[in-house]
Amino acid sequence: MEGASNLSFVLNKPNDVTFEERPVPKLQSPHDVLVAVNYTGICGSDVHYWVHGAIGHFVVKDPMVLGHESAGTVVEVGSDVTTLKKGDRIALEPGYPCRRCGDCLGGRYNLCHKMVFAATPPYDGTLTGFWVAPFDFCYKLPDNVSLQEGALIEPLAVAVHIVKQARVQPGNSVVVMGAGPVGLLCAAVAKSFGATKVVSVDIVQSKLDFAKGFAATHTYMSQRVPPEENAKNLIAQADLGAGADVVIDASGAEPSIQTSLHVVRMGGTYVQGGMGKSDITFPIMALCLKEVTARGSFRYGSGDYKLAIELVAAGKVDVKKLVNGVVSFKHAEEAFKKVKEGQVIKILIAGPNEKLEGELDTTVDEAKAKANEAQGSGGCC
Ligand SMILES: NC(=O)c1ccc[n+]([C@@H]2O[C@H](COP(=O)([O-])OP(=O)(O)OC[C@H]3O[C@@H](n4cnc5c(N)ncnc54)[C@H](O)[C@@H]3O)[C@@H](O)[C@H]2O)c1
Ligand SMILES: OC[C@H](O)C(O)[C@@H](O)CO
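This one's a predicted model, so the numbers in the text were calculated from it and none came from an experiment. (Residues numbered from 1 in each chain as written. Chains lettered and ligands numbered in written order. Predicted model: local features only at pLDDT ≥ 70, side-chain atom pairs only at ≥ 80, totals over all residues. Heavy atoms only, no water.)

Here we look at the site of ligand 2
Keep this limit in mind: Only a single heavy atom is needed: when it lies within 4 Å of a molecule or strand, its residue is near that molecule or strand. The term polar contact refers here to a pair of N or O atoms within 3.5 Å; inside protein, the definition further demands a hydrogen-donor-capable atom paired with an acceptor-capable atom, and it admits residues adjacent in sequence only when both atoms are side-chain atoms.
Surveying the vicinity of ligand 2 reveals the residues Cys43, Ser45, His68, Phe117, Thr120, Glu154, Val158, Met275, Phe298 and Arg299. Taking Glu154, its side chain carries an N or O atom lying 2.7 Å from an oxygen atom of ligand 2. Within the contact set of ligand 2, an oxygen atom lies 2.7 Å away from a side-chain nitrogen or oxygen of Arg299.

Following this line, the structure appears as structure tokens:
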């Protein structure tokens, strides 16, 4: 890797980021591959660490490289790697479980208590030049899936896991609270699972306009009224009869969670995908009297990345529509600011060795202008 940059985007403490040239990492095992990172998306959790320095009990105590939504190109393979070769384009799954505990062996490796997850302190993330990963957490992209789409596989895998937790069946009605990237992708995955009615709910009209052109069959602007009244209005507006078969929260907002339990039908399913306040007032009586099945959903597990890639390759989920622009590595902080201000759905940051050309070499302000343009034609939020 002589001459290649391993420039990394480092969070030192809240609101203090720097670029740092770090040594190119070395393979740790014969099963590892070295990946040149091509594109990385910004997740709400990256922005949260940048602004607050912590999410729950994960606290940034030492400088940490941000980023975990990445795709890259294999540049070196360990001696026991048989399924990947130099030059392969891959989506990077960014969390590595121990593979030995009860949860790993039971098929729920996302719950492994020894998980090493990129950009979750104390572990560095993927906004860097090169990344070492076990080969079985690198997913080769089909020829018809681009590296930029590859960077969207991570949030899509989050949505796949949420929709699997919801056990969405053909013909179901599904309400998705929140039309940020995760909610939009949940709506698209639910539709691909056969849901015939998919209602996107948000408090921002432009997000609902985008949702309607993306996957939602119906949208609803959540109201500042008591949750039961909000639910009644939602059910009426989306013609949900006795309520929705499935309600997914992808907002983390307390009023949305409260409304959800009044929107779900008797015997229906509720999934908590959003992460907001740790403790809220929860309509426990509705849960009990309706015999609602409630499940949590955390990251992704067995088969989720594979299915996410298949959905993109098959044209079932058009993740490209979520991308407002691509910026070069030097614009990373600017890109974070725009995500924080809610001006974009997804912005991709090119790796430090990536040569952007022509229209792809978009600065954040250009990306924003494109987003506004698209908004006029219903193409963006
Ligand atoms: N479970 C997981 O493993 C996992 C993984 C990634 C992200 N998340 C969480 O999923 C949620 C969505 O992620 P995102 O990246 O799309 O975030 P986001 O902030 O872009 O989207 C949240 C959306 O919810 C909307 N919203 C706020 N209050 C609302 C209300 N009362 N009713 C309806 N909508 C409301 C916002 O306007 C926004 O569009 C976040 O809470 C995030 O932390 C969970
Ligand atoms: O997509 C993965 C999520 O962003 C992470 O789990 C984060 O929210 C907590 O570390």
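We are not done yet, so read on.
Side note on a nonpolar patch on the surface
The line we're drawing: Each patch groups residues whose relative accessible area exceeds 30% and which form no salt bridge, using 9 Å between like charges and 5 Å between nonpolar side chains of Val, Leu, Ile, Met, Phe, Trp and Tyr. Only the protein chains shown count as cover for residues, and all accessible areas are computed by the Shrake-Rupley method using a 1.4 Å probe. Definition used for salt bridges: Asp or Glu carboxyl oxygen within 4 Å of a side-chain nitrogen of Lys or Arg. Starting at the N terminus, helices and strands are each numbered in turn, a helix being any DSSP run of H or I of at least four residues and a strand any DSSP run of E of at least two. Exposure classes here rest on a 1.4 Å probe applied to the protein chains alone. A residue is buried below 20% of its type maximum, exposed above 50%, and partly exposed in between.
A cluster of nonpolar side chains, Ile284, Met285 and Leu289, forms an exposed patch at the surface whose accessible area comes to about 350 Å². Relative to the helices and strands, Leu289 resides in helix H9 (residues 284-289). The exposure class of Leu289 is exposed, given its relative accessible area of 61%.

Some details on the pattern of salt bridges
For the structure on display, the rule yields 14 salt bridges. Here Lys346 ties to Glu69 by a salt bridge, and the two come within 2.8 Å at their closest N and O atoms. Pair noted here: Lys346 is in strand E20 (residues 346-350) and Glu69 is in strand E7 (residues 69-77), with a separation of 277 residues, a long-range link. This pair shows no difference in class: Lys346 is buried, exactly as Glu69 is. For the salt bridge of Arg99 with Asp136, the shortest nitrogen-to-oxygen distance reads 2.7 Å. With Arg99 in the loop between strand E9 (95-96) and helix H2 (102-105) and Asp136 in the loop between strand E11 (130-134) and strand E12 (138-140), this pair connects stretches of sequence that are 37 residues apart. Arg99 gets classed as partly exposed once you look at its relative accessible area, which sits at 40%. Using a relative accessible area of 32% as the deciding quantity, one classes Asp136 as partly exposed.

A word on the UniProt feature "domain: Enoyl reductase (ER)" (unreviewed entry) in the protein chain
Cut-off, in case you're wondering: UniProt positions are given in the numbering used here, feature names are shortened, and annotations may be inferred rather than shown by experiment.
Here the UniProt-annotated "domain: Enoyl reductase (ER)" (unreviewed entry) positions come out as residues 12-349. Structurally, residues 12-349 comprises 29% helix and 27% strand, and the distance from its first C-alpha atom to its last is 19 Å.

Details of the site of ligand 1
This is how the line gets drawn: When residues are sorted by character, Ala, Val, Leu, Ile, Met, Phe, Trp, Tyr, Cys and Pro go into the nonpolar class, Asp, Glu, Lys and Arg into the charged class, and all the rest, Gly among them, into the polar class.
Taken together, 21 residues lie near ligand 1, and Asp202, Gly273, Met275, Ser297 and Arg299 sit nearest. Here Gly273 contributes a backbone N or O atom positioned 2.9 Å from a nitrogen atom of ligand 1. Between ligand 1 and Met275, the relevant distance is 2.9 Å, taken from an oxygen atom to a main-chain nitrogen or oxygen of the residue. Look at ligand 1: alone it shows 850 Å² of surface, and the protein chains cover 79% of it. Those elements that place two or more of their residues in the shell around ligand 1 are helix H5 (181-192) and strand E14 (197-202). When its residues are assigned to classes, the shell around ligand 1 shows 11 nonpolar, 7 polar and 3 charged.

Concerning the sheet that holds strand E13 (residues 173-177)
How we decide: For two strands to be treated as a pair, DSSP must find no fewer than two bridges joining them. Note on geometry: axes are lines fitted to C-alpha atoms, helical ones only across the stretch in contact, with angles between N-to-C directions running from 0 to 180 degrees. Here, residues are in contact when the closest pair of their heavy atoms is within 4.5 Å.
Sheet architecture is open: 6 strands sit in the order E15-E14-E13-E16-E17-E18, paired in parallel fashion. In this open sheet, the two edge strands, each paired with only one partner strand, are strand E15 (218-221) and strand E18 (293-296). For this sheet the average axis-to-axis angle between neighbouring strands, irrespective of direction, equals 20°. Pairing between E13 and strand E16 (residues 244-249): 4 bridges, direction parallel. The partner of Val175 across the bridge, within E16, is Val247. Relative to the sheet, helix H7 (residues 227-237) contacts E13, E14 and E15, its axis offset from that of E15 by approximately 155°. Lying over the sheet, helix H8 (residues 254-263) contacts E13, E16 and strand E17 (264-272), oriented at roughly 150° with respect to E17.

Topic: the nonpolar core
Within soluble globular proteins, side chains that are nonpolar tend to cluster in buried spots. To be explicit about the condition: Grouping buried Ala, Val, Leu, Ile, Met, Phe, Trp, Tyr and Cys residues that are joined through side-chain atoms within 4.5 Å yields what is termed a nonpolar core.
Among the nonpolar cores identified, the biggest contains 76 residues, and Phe214 and Ile248 are the most heavily contacted of them. A total of 8 residues in this core trace back to one element, the largest contributor, which is helix H4 (residues 153-165). Setting aside residues no more than four positions away along its own chain, Ile248 makes contact with Ile162, Val163, Ala166, Val174, Val175, Val176, Met177, Cys186 and Val271. The next biggest cluster of nonpolar side chains, apart from the first, holds 23 residues, and it includes Val17, Tyr49, Leu127 and Phe329.

Focus on the sheet that holds strand E1 (residues 7-13)
Strand order in the open sheet formed by 3 strands is E2-E1-E6, and the pairing between neighbours is antiparallel. Of all the strands in the sheet, the pair left with one neighbour each is strand E2 (16-21) and strand E6 (64-65). Relative to E2, E1 runs antiparallel, the two sharing 6 bridges. Its bridge partner lying in E2, Leu7 is registered against Glu21.

What to know about helix H1 (residues 44-52)
Heads up, the rule is: Here the arc refers to the set of directions running from the helix axis out to each C-beta atom.
Those residues of H1 that fall on the buried side of the exposure criterion are Asp46, Val47, Tyr49 and Trp50. One side of H1 holds all its buried residues, which, seen down the axis, span an arc of 160°. Just past H1, the residue Gly53 takes up positive phi, approximately 75°.

Considerations on the environment of Gly267
Note on placement: Gly267 falls in strand E17. Taking the C-alpha atoms as reference points, Gly267 and Leu289, 22 residues apart in sequence, are found 9.1 Å from one another. Excluding anything up to four places from it in sequence, Gly267 contacts Lys290 and Glu291.

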